[in-house]
Amino acid sequence: MAAAVREVRAANPLAPSITNTVTQNFVANAQLAVGGSAAMVYLPDEGECVAALGGAVYINLGTLLPVYEETVPRTARACAEAAKPWVLDPVGVGIGSLRTELIRAVKAWPAAIVRGNASEIIAVAELWGLDAAADNGRGPRGVDATDSVEAARAAAVAIARFSGGAVAVSGPTDLVTDGAVVVRAEGGSPLMCSVTGSGCSLGGVAAVYACVADPLTAALAATAAYNRAGAQAAERCSGPGSFQVAFLDALAALTPEEVADAPLAFEEA
Ligand SMILES: Nc1ncnc2c1ncn2[C@@H]1O[C@H](COP(=O)(O)OP(=O)(O)O)[C@@H](O)[C@H]1O
Ligand SMILES: Cc1ncsc1CCOP(=O)(O)O
Ligand SMILES: [Mg+2]
């Protein structure tokens, strides 16, 4: 994790995004704060182009446009063909039919990292037909979780075993797995739920680290960085507005050691 943080700062890798219109700015600023480079695109040929240019691609389904019916599968396929990692954030899975169709479609080119809140991870496992235990999910309420992180454990492990990558479930305690180990990470702040894009930008930062590290290390580095920076920002702010500013400052100031020393609890999956 420390090496990933250091290498990103040294190499300034590009992790382009197809992401929602609500939080693009926060995603790009968080990617820049950790030392990465950002580029947001919408069109199918642009997705293919940035899959070739970038070290890893972030695809977030938060606000879909009709063109995404083409952009998302073509970009995921381009990543797979170029052996580039990509990160899926299945925001709001369950709203409308296109999100469902797209998540079903990209099962053919599995993401190196699937990042979402507990309800989204449970819903993806259900859609991919991976895990009977995942049927327990109550489903997302819009973009928010209604399930606990622990309720998503089996779904997360099943997705990681299917994809061969990592799954990061966010919440009060985060859970990250590669299908062999399950890692729990504490930290952050409840204020992160009051700033839209905390989850989206975590996915964008995971894509930055995936440019230089394996999926599990990248997902853990992003999660640990968020937990550290979130806790620090909460001490320095006076509410959600100043939290977001303090959070970007804290993210930019994190040392590799602070990220690597974040408390993590490992167990067998
Ligand atoms: N109650 C909480 N306490 C501390 N950190 C939290 C809490 N809820 C969410 N976080 C953190 O906020 C970030 C976004 O997580 P979450 O809110 O679950 O994502 P999403 O916005 O996609 O629903 C993660 O880094 C997570 O660890
Ligand atoms: C509010 C909202 N609506 C569609 S996408 C989006 C942003 C969700 O961001 P996050 O999942 O990081 O809270
Ligand atoms: Mg989210």
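Anything mentioned here points back to the structure above.
In this text the structure is predicted, and so the values were computed from the model without any measurement.

What follows concerns the nonpolar core. As a rule of thumb, nonpolar side chains are buried together in soluble globular proteins. Within the largest apolar cluster, 50 residues are counted, with the highest numbers of intra-cluster contacts made by Ile-113, Tyr-209, Tyr-226, Phe-247 and Leu-251. Elements that contribute at least two residues to this core include exactly α1 (2-11), α2 (24-33), β5 (166-170), α8 (198-210), α9 (215-236) and α10 (240-253). Residue contributions to this core peak at eleven residues, all from α9. In contact with Tyr-209, other than residues within four places in its own chain, are Ala-4, Val-5, Val-8, Val-34, Ala-218, Ala-221 and Ala-222. In terms of nonpolar packing, the next biggest core, distinct from the first, is built from 41 residues, Ile-59, Val-72, Leu-175 and Val-182 among them.

In the vicinity of ligand 2, the residues found are Asn-20, Val-22, Thr-23, Gly-62, Thr-63, Val-143, Thr-196, Gly-197, Ser-198, Gly-199 and Cys-200. At 3.5 Å from an oxygen atom of ligand 2 is found a main-chain nitrogen or oxygen belonging to Ser-198. Note that an oxygen atom of ligand 2 is positioned 3.0 Å from one of the backbone N or O atoms of Gly-199. Compared with its free state, where it exposes 370 Å², ligand 2 has 77% of that area covered by protein. Of the residues that constitute the shell around ligand 2, the class distribution is three nonpolar, eight polar and no charged.

Our focus in this paragraph is the site of ligand 1. If you check the shell around ligand 1, you find 18 residues, and the closest are Arg-115, Asn-117, Ser-170, Asp-174 and Ser-189. With respect to ligand 1, the side chain of Arg-115 contributes an N or O atom lying 2.8 Å from an oxygen atom. A distance of 3.2 Å separates a nitrogen atom of ligand 1 from a polar atom in the backbone of Ser-189. Look at ligand 1: alone it shows 540 Å² of surface, and the protein chains cover 85% of it. Elements with a contribution of two residues or more to the shell around ligand 1: β4 (113-117), α8 and α9. Looking at the shell around ligand 1, the element that brings in the most residues is α8, giving three residues.

The rules behind the values
- Within every chain, residues take consecutive numbers counted from 1 along the sequence as written.
- All chains are assigned letters beginning at A, and all ligands numbers beginning at 1, according to the order in which they are written.
- Reporting of local features is limited, given that this is a predicted model, to residues whose pLDDT is at least 70; pairs of side-chain atoms are given and counted only at 80 or more, and all residues count toward the totals for whole chains, interfaces and linings.
- Water and hydrogen atoms were dropped before computing side-chain values, which therefore reflect all heavy atoms in the structure.
- Here, the term nonpolar core denotes a set of buried Ala, Val, Leu, Ile, Met, Phe, Trp, Tyr and Cys residues that are joined through side-chain atoms within 4.5 Å.
- Exposed residues in this analysis have more than 50% of their type's maximum accessible area, buried residues have under 20%, and partly exposed residues fall in between, with area computed by a 1.4 Å probe over protein chains only.
- Each helix corresponds to a stretch of at least 4 residues labelled H or I by DSSP, and each strand to a stretch of at least 2 residues labelled E; elements are numbered beginning at the N terminus.
- By definition, residues are in contact when any of their heavy atoms lie within 4.5 Å.
- Nearness of a residue to a molecule or strand requires only that one of the residue's heavy atoms be within 4 Å of it.
- Two N or O atoms form a polar contact when they lie within 3.5 Å of each other; inside protein one atom must be a possible hydrogen donor and the other a possible acceptor, and for residues adjacent in sequence the pair counts only when both atoms belong to side chains.
- Accessible surface is estimated by sampling points in the Shrake-Rupley manner with a 1.4 Å probe; for residues, cover comes only from the protein chains shown.
- All residues other than Ala, Val, Leu, Ile, Met, Phe, Trp, Tyr, Cys, Pro, Asp, Glu, Lys and Arg, Gly among them, are scored as polar; the first ten of these are nonpolar and the last four charged.

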